[in-house]
Every structure is written in C-alpha cells, then in structure tokens.
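Architecture at a glance
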Amino acid sequence: MKLALAIGINDYPGTGSDLHGCVNDALDWAAELGKRDFDVRLLLDGEATGDAIRAGIRQRLEAAGPGDTVVVTYSGHGTWVPDADGDEPDRRDEALCPHDVNTRGPLLDDELFELFLQRRRGVRLVFVSDSCHSGTVSRYAAPTGSPDRLIKFLAPEVFLSARAAAAARGLPRLPRGRPRHAALLLSGCQDIEYSYDAVFDGRPNGAFTYVALAALRRLPGGTTYRDWMRAICAALPSRDYPQQPGLQGTSAQKSWPLLG
C-alpha cells in the first residue's frame, strides 16, 4: 500500500506574508503521486491548521503496515524558535508554519520527529519539504506579474511573545542543527539558505518542487532516492535559484526504491 499527504499553504492570516506557489506545489505532488498508485489526501490553505496536519500525519501512519510507503509533502513557510530543551547545537528548533501559525504557533521539528516515530516497523516514510524544515531556511516569493522578489521568511517575531522574540533576536548565528532520521527527508535547500517561491510559464510554483517533479518524470525505473537527488542537483542550485537541495537519512533509506 502507498499512502500520501500533500500539504500546501499560501494563505497566512495576520502575518502579511502570504505565498503564491504552495497550493500548486501540493496539487502537483498529489497528481504525480496519484499516477504512481498512491492514495493521496490534500490539506490546502485553511484546511492545513496545525491540528489538521498532525492528525493527517497520524492517520496516514496508522493506516500503513510493514512494506508500505508513506510520503508527506509540505510546501509553505518555515521558521524557527529558540530551543527549549537543549537538543539543538544551533540553539534553534526549526519548524513548519501551519495556516494558523499566527494564533496557534508553529509545528516544531521535535514534534514532527515524535510524530514520525509512530510509524510501524517496516514502513518507509519519506518527508518532502519545500520550505525551511531545517535551520533558518525561508521562502522567497516573486508575485505573478511583478519582477521583484520579496523575502517571505516568516520571522519568529510574528507569532512569538515579546519576551520570546527578544530571546530569539539575541541568538548568534551558529552551525546547522543535528539531523535525525525518523523519516527520509528531501529538503528544498540547506538550513542556512533560502528556498524560492517562483513562477514558471506564468504559473507559481516552488522552485524545488518544480525541479524535483521534472527530474522524477525523467528517471527510469529501478532508481533510488539517492539517484533522484542527484538528478535534482543537476538543476539546483542555479543562477536564478541559488538553493542547494538536501537528502537526509540513513544509507539504507537513501537506497530505498524510489516511491516504491
């Protein structure tokens, strides 16, 4: 059995930082995975609250057994907050930004790690993050019809209390955090870089999602996630999109049959 959850968020109420290509990203992932016999569920914009994302991940993992594959894709803002439990060398917990981040806060990497650990033994879990799942990665947006590129990193000050925001501003720039491998992670860029919200042929898309799906369609059968990442990195970084995609996981995970 092959199960997927595709999440895309353009609309961030109360932040002044809406995006443009993330819903298209989720729809594109859903369409491609559907062609590959995945049962896909979508969470778009207002549907993609923090609680809904948590519940969606749990539901997909609860339905999967040994030998099954679960793919979770996320396209939207990312952020970070000061690390509260001392497990991050860079003193930051990286996070995803649900639709309701401004009122309910982000979804921290620590919680994602615990959610992913709920998978049954033998389930292949893949997380594709076109965002800032790692470190201080953000998204840029180039609005359709505008030549300007706008930085769309959702700063912690948007949703943190005044005291927590002051602590966040006081953190120094340090090396990236320690990767953990509850799931195989394909990320749009490194944790000290930016990801881009772009426009291709007049249609908004994340640069990573656009390139990753194009590379996927060209790959022959019998390939692995390591092969997929090599094909993605043949196109990124580029002059227009200077982001370095990443593949984090164990050697065995990177050698899994691609979307098998």
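On a predicted model such as this, the values are computed, not experimentally measured, just so you know.

Cut-offs used in this document
Residues numbered from 1 in each chain as written. Predicted model: local features only at pLDDT ≥ 70, side-chain atom pairs only at ≥ 80, totals over all residues. Heavy atoms only, no water. pLDDT = per-residue confidence, 0-100. Contact = heavy atoms within 4.5 Å. Pairing = 2+ DSSP bridges. Helix = DSSP H or I, 4+ residues; strand = E, 2+ residues; numbered from the N terminus. Right-handed = clockwise from strand over helix to strand, strands pointing away. 1 Å grid on protein atoms, 1.4 Å probe; cavity = no way out; pocket = protein on both sides within 12 Å on 5 of 7 lines; lining within 4 Å. Points joined across faces, edges and corners; volume = space filled by probe spheres on them. Nonpolar A, V, L, I, M, F, W, Y, C, P; charged D, E, K, R; others polar. Phe/Tyr/Trp six-rings, centres within 6.5 Å; stacked < 30°, edge-to-face > 60°. Buried < 20%, exposed > 50% of the residue type's maximum accessible area, 1.4 Å probe, protein only. Axes fitted to C-alpha atoms, helices over the stretch in contact; angles between N-to-C directions. Parallel < 35°, antiparallel > 145°, perpendicular 65-115°, else oblique. Left-handed = near helix turned anticlockwise from the far one by under 90°. Core = buried A, V, L, I, M, F, W, Y, C linked by side-chain atoms within 4.5 Å.

1. Points about the confidence of the model for the protein chain
When pLDDT is averaged along the protein chain, the result is 84, and 77% of the positions lie at 70 or above. A low-confidence stretch, residues 141–152 (pLDDT under 50), is modelled with 31 contacts involving residues beyond four sequence positions or located in other chains.

2. A closer look at the pairing of strand E2 (residues 39–44)
Note: strand E1 (residues 2–8) against E2, six bridges, orientation parallel. Considered in E2, the bridge of Ala 6 is made with Leu 42. One crossover worth recording links E1 to the parallel E2 by way of helix H1 (residues 22–35), and it is right-handed.

3. Remarks on empty space enclosed by the protein
For the coordinates displayed, the defined rule picks out one cavity of 30 Å³ or more. The space that makes up the largest cavity amounts to roughly 30 Å³. Around the largest cavity, the lining residues are Trp 29, Leu 33, Val 71, Thr 73, Val 126, Val 128, Tyr 225, Trp 228 and Leu 259. Contributions of two or more residues to the lining of the largest cavity are made by H1, strand E3 (69–75), strand E7 (124–130) and helix H7 (225–233). Class assignment of the residues belonging to the lining of the largest cavity gives a composition of eight nonpolar, one polar and no charged.

4. Some words on the packing of aromatic side chains
Taken as a whole and assessed by the stated rule, the structure comprises seven aromatic pairs. Relative to Trp 228, the ring of Trp 29 lies with its centre 6.2 Å away and its plane at 70 degrees, an arrangement referred to as edge-to-face. Remark: Trp 228 occurs in helix H7 and Trp 29 occurs in helix H1; sequence separation between them is 199 residues. For the pair Trp 29 and Trp 228, one class covers both residues: buried. Counting every residue linked through ring pairs, the aromatic cluster contains Trp 29, Tyr 225, Trp 228 and Trp 256.

5. Overview of the packing of helix H6 (residues 207–218) against H7
Following both chains from N to C, one finds H6 and H7 inclined at 120 degrees, their axes separated by 9 Å at the closest point. By the angle between their axes, H6 is oblique relative to H7. For the crossing formed where H6 meets H7, the hand is right-handed. The segment H6 lies against H7, with Phe 208, Val 211, Ala 212, Ala 215 and Leu 216 engaging Trp 228, Ala 231 and Ile 232. In terms of residue class, the contact of H6 with H7 is made up of eight nonpolar, no polar and no charged.

6. A short note on the nonpolar core
Note on soluble globular proteins: their nonpolar side chains tend to be buried together. Within the largest apolar cluster, 30 residues are counted, with the highest numbers of intra-cluster contacts made by Val 126, Leu 186, Tyr 225, Trp 228, Ile 232 and Leu 259. When residues of this core are traced back to their parent elements, those giving at least two are H1, E7, strand E10 (184–187), strand E11 (194–200), H6 and H7. Broken down by element, the residue count for this core peaks at seven residues, all from H6. Leave out the neighbours within four places in its chain, and Tyr 225 touches Val 126, Leu 184, Leu 186, Leu 247, Gln 253, Lys 254, Trp 256, Pro 257, Leu 258 and Leu 259. Among the nonpolar cores identified, the runner-up in size contains 29 residues, and Leu 5, Cys 22, Val 70 and Leu 185 belong to it.

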